[in-house]
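# An overview of the molecular structure
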2 protein chains.
Amino acid sequence: MENLLSKVPDVLLMGPGPSCVYPEVYKALSAPTLGHLDGEFIRIMDETKGLLRDIMNTENAMTFPVSGTGSAGMETCFVNIIEPGDPVLVLVNGVFGTRMSDVASRLGAKVTTVEAEWGTPIRVEEVRKAISAGTSYKLVAAVHAETSTGVLNPVDEIGKIVAGTDALYLVDGVTSLGGLPVKLDEWGADLFYSGTQKCLSVPPGLAPCSFSDRALKALKQRSSKVPNWYLDVSMLANYWEGAKRAYHHTAPINMIYALYQSLLTLAEEGHENSFARHKQCHEQLVRGLEKIGVELMVDEPARLPMLNAVKVPDGVDEESVRTRLRSEHNIEVGAGLGPLAGKIWRVGLMGHTARPENVDRFLDALAKVL
Amino acid sequence: MENLLSKVPDVLLMGPGPSCVYPEVYKALSAPTLGHLDGEFIRIMDETKGLLRDIMNTENAMTFPVSGTGSAGMETCFVNIIEPGDPVLVLVNGVFGTRMSDVASRLGAKVTTVEAEWGTPIRVEEVRKAISAGTSYKLVAAVHAETSTGVLNPVDEIGKIVAGTDALYLVDGVTSLGGLPVKLDEWGADLFYSGTQKCLSVPPGLAPCSFSDRALKALKQRSSKVPNWYLDVSMLANYWEGAKRAYHHTAPINMIYALYQSLLTLAEEGHENSFARHKQCHEQLVRGLEKIGVELMVDEPARLPMLNAVKVPDGVDEESVRTRLRSEHNIEVGAGLGPLAGKIWRVGLMGHTARPENVDRFLDALAKVL
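Quick caveat, the model's predicted, so the values are computed rather than measured.

Here is what the cut-offs are and how they apply
Residues numbered from 1 in each chain as written. Chains lettered and ligands numbered in written order. Predicted model: local features only at pLDDT ≥ 70, side-chain atom pairs only at ≥ 80, totals over all residues. Helix = DSSP H or I, 4+ residues; strand = E, 2+ residues; numbered from the N terminus. Rg over C-alpha atoms; globule rule 2.2 N^0.38 Å. Buried ≥ 20, exposed ≤ 12 C-beta atoms within 10 Å, placed from the backbone. Contact = placed C-beta atoms within 7 Å. Core = buried A, V, L, I, M, F, W, Y, C linked by C-beta atoms within 7 Å. Pairing = 2+ DSSP bridges. Axes fitted to C-alpha atoms, helices over the stretch in contact; angles between N-to-C directions. Least-squares fit on C-alpha atoms with pLDDT ≥ 70 in both. Parallel < 35°, antiparallel > 145°, perpendicular 65-115°, else oblique. Left-handed = near helix turned anticlockwise from the far one by under 90°. Nonpolar A, V, L, I, M, F, W, Y, C, P; charged D, E, K, R; others polar. Right-handed = clockwise from strand over helix to strand, strands pointing away. Domains from an automatic or database assignment. Expected span 1.5 Å × (residues − 1). Arc of directions from axis to C-beta.

Right, let's talk about the overall build of chain A for a bit. Looking only at helices and strands, chain A has 13 helices and 14 strands in total. Rg of the C-alpha trace for chain A: 21 Å, near the compact-globule value of 21 Å for 370 residues, within the 12% margin. Burial analysis of chain A (370 residues in total) assigns 58% to the buried set. Of the contacts formed within chain A by residues at least 6 apart in sequence, a portion of 72% connects residues at least 24 apart.

Formed by 257 residues in total, the largest nonpolar core has its most connected members in A:Val88, A:Ala104, A:Leu139, B:Val88, B:Ala104 and B:Leu139. Those residues within four positions of B:Ala104 in sequence are excluded, and the remaining contacts are B:Phe78, B:Ile82, B:Val88, B:Val90, B:Ala109 and B:Val111.

The strands making up a sheet associate through backbone hydrogen bonding, with each pair oriented either parallel or antiparallel. All names here are of chain B. Read across the open sheet, the seven strands follow the order β2-β10-β9-β8-β5-β3-β4; overall the sheet is mixed. Each having just a single partner strand, β2 (62-66) and β4 (110-115) make up the two edges of the open sheet. Averaged over all adjacent pairs, the angle separating strand axes in this sheet is 15°, with direction ignored. Contacts from helix α4 (residues 95-106) reach β3 (87-92), β4, β5 (139-143) and β8 (168-172), with the element oriented near 160° to β3.

Note on the copies: chain A fits chain B at an RMSD of 0.0 Å, the axial shift is 0.0 Å, and the rotation between them is 180°. The relationship between the two copies is best expressed as a two-fold rotation axis. Closest approach to the rotation axis within chain A is made by the C-alpha atom of A:Gly68, at a distance of 2.5 Å.

Moving on, we come to the packing of helix α3 (residues 70-81) of chain A against helix α4 (residues 95-106) of chain A. All names here are of chain A. Between α3 and α4, the least distance of the axes is 10 Å, while the angle of their chain directions is 45°. Judged by the angle between their axes, α3 and α4 are oblique. Seen from above, α3 lies across α4 with right-handed handedness. In this structure, α3 uses Met74, Glu75 and Phe78 to contact α4, whose residues at the interface are Arg99, Met100, Val103 and Ala104. Here the residues of the contact of α3 with α4 are counted per class, giving five nonpolar, no polar and two charged.

Residues and elements named next belong to chain A. Spatially, three strands are ordered β11-β14-β13 in an open sheet, and the strand pairing comes out antiparallel. A single partner strand is all that each edge strand has here, and the edge strands are β11 (307-311) and β13 (334-335). As paired strands, β11 and strand β14 (residues 344-348) are joined by five bridges and run antiparallel to one another. Following the sheet pairing, asparagine 308 is matched in β14 by valine 347.

Residues and elements named next belong to chain A. When you tally the buried positions in strand β3 (residues 87-92), you get five out of six residues, the bulk of the element. In the sheet, β3 pairs with strand β4 (residues 110-115) via six bridges, with the strands oriented parallel. Bridge assignment links proline 87 to a residue of β4, and that residue is lysine 110. Considered for its hand, the β-α-β crossover made up of β3, α4 and β4 is right-handed.

Let's shift gears to the interface of chain A and chain B. Contact with chain A, which involves 63 residues of that partner, is made by 63 residues of chain B. Within the residue set of the side of chain A that touches chain B, elements represented by two or more residues are α1 (23-29), α2 (39-56), α3, α4 and α10 (253-269) of chain A. Broken down by element, the side of chain A that touches chain B gets its largest block of residues, eight residues, from α10(A). Looking at the side of chain A that touches chain B residue by residue, the class counts come to 33 nonpolar, 18 polar and twelve charged.

This part covers the pairing of β2(B). Residue and element names in this part refer to chain B. Of all five residues in β2, five are buried; the element is thus mostly enclosed. Where β2 meets strand β10 (residues 207-211), five bridges bridge the pair, whose relative direction is antiparallel. Of the residues in β10, the one forming a bridge with valine 66 is alanine 207.

A:Pro18 follows A:Gly17 through a cis peptide bond whose omega is 5°. Here A:Pro18 is to be found in the loop between β1 (12-13) and α1. Cis rather than trans, the peptide bond between A:Glu300 and A:Pro301 has omega equal to 5°. Of note, A:Pro301 is situated in the loop between α11 (271-291) and β11. For A:Ser201, which is not glycine, the phi dihedral falls at a positive 60°. Relative to the elements of secondary structure, A:Ser201 occurs in the loop between β9 (191-193) and β10 (207-211). Judged by C-beta crowding, with 29 C-beta atoms within 10 Å, A:Ser201 ranks as buried. A positive phi angle, close to 55°, is found at B:Asn330, a residue other than glycine.

A common way to report how large an interface is uses the accessible area buried once the components associate. Residue and element names in this part refer to chain A. Examined at the domain level, chain A breaks down into domain 1 (4-18 + 270-369) and domain 2 (23-267). Using C-alpha coordinates to define each centre, domain 1 is positioned 26 Å away from domain 2. With 25 residues of domain 1 at the contact, the number on the domain 2 side is 27 residues. Secondary structure elements with two or more residues in the side of domain 1 that touches domain 2: α11 and β11.

Bringing α11(A) into the picture now. Residue and element names in this part refer to chain A. Look at α11: 31 Å from first C-alpha to last across 21 residues, which is about the 30 Å you get at 1.5 Å a residue. All of the buried residues along α11 are Ser274, His278, Cys281, His282, Leu285 and Leu289. On an axial view of α11, the arc spanned by its buried residues comes to 100°, and they lie on one face. Structural note: α11 exposes Glu272, Asn273, Glu283, Arg287, Glu290 and Lys291 on the side pointing more than 90 degrees away from its buried face. Those residues of α11 that are buried lie in contact with α10, β11, β14 and α13 (356-369).

Here you go:
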């Protein structure tokens, strides 16, 4: 039988994730598998937790990777906290805010939303108004970097408003972690999740998460069991925390090796240097697009460096350009989602992809295809 | 900073999983990451589905790997079918039957159990009695190979009884798939899940699952949305099935490469040859243990070939032997769980671990340590 893996091409991944993987992360993926209760693996788990705390700027003990992709991280944050009837405020200006709203509703939450037009950031004043309107929310949820639109939301300012209430504060950092400063303790974020396949440059498969002590207290005070055995953080804590590690499920060993390696690589580069590299590549991209008369959808200062919503010029067929970039130039970019389908390309500059030579290669290819 | 991956030892994994990984699967893990909507990746997804159908002996279209470990497969099967108040019959003779019962209860099922002593198989007559007792069960759930005790349950005979009712039939094949014949369509199994880290010899991280058309119909007829966005099979089907693949969550690309490679390797060996190899290694182990006066806990014919519950001889300290096997001989075996803690070692002969030279190495090491 033909083995399709023998001819997997090396594609420059400039979509909304996965991003290009660090060579040393590929190597880490194929390090010898250890048992999930092996002492040497537990040391790697402990180091990984420490490195995650560093890059998230948090002291939260329960900072660990969930055994699923970024959306499993979203699920974990909601399912551990929400009980039927709980009032939840979700800030929606793209696919991932919408998804949070769906996840919470399925768990029986009474969801209120503050919305902003796709392509624009959540307005802090509207959050203040919603929070002052009388409902005592159990949870307020915001997306730091909206992958569907390339918009940066003011999660620090929103955090200050939430801090004046009893609500827990949940931040989605799937696309930001590693490429922009993430400061959980400063923001007052109680719940956080990310993904490995964006600015961490690990293949998809894990969701780095963090629960504050307040979040763990809310979990402890539930009146019902978490309706999800796999993601129940009170049980996961017995495996990821404490002196004696108890088996819960078999951890994805090699993916954790890969995450550990990526966090080491980022620590060696220096987090600030990684942020600067993302910013510089973004600016290089914007300048290059300007030269060929192509515009970005999002206005400054809400533009994300790592996810660029590029307007499809009038009269150009979105899909055909994307297909040719892939087939003729081995470059992947992403399509628009929902109301933005056909109107934008999503050009990712995430993690290992964010290199000046990759920006040049993309600009050159795009100019040729257009 | 020290890189712990530079000195990960090569351990002979003879516990309850993870098992030793095929060299070509390590290589597959580090093949270049593709986008989750890339045409070449979709071909690999399609081939993987076909290979899974082959090894599960099913025609089920919705046969695919869930993006989580084996327990996420369990969660997927229950959460898509169960609604609060649904009567469910769970057959319990170990940790994994107990876990199914917990998962179902958390989702609001009214759970009835048929139990058998740990170390003995479920008795078919008791299942028949329970099913005839008047309750019309929505689901009957059984474990094929109980990893906690090394017991084979008669899932084929149980299937014949369930077939006489309206209930859906769920089989846990985490430890059996790849090492024992799995025949979903012959058994009448409507729902099935497995894991990659047992007889498929892939690192942990995916749960191969299968849903029959009857199961999909039950999912369609739910009165409420699946209370788990991440594992909602009606949405996952839009990504794994059909002509136009719609983004749901970002699939764990490199883990899927690894699963694909393992299924190719097993197909090349021949499934029957793999089953025979597991059986021969098991017999070699039993003979060797007899020679040094060590007994198995489970009586024939319920012994699993790939998971051997080995009685700790009187006066021997279970933990110290296990620790010395690991530290002096680089061999991992598993401890007993729950009521079997301290009483058995769990010696796995799964997938790539099931080689005559590994059995010899273990027997030699055990004799030395005892």
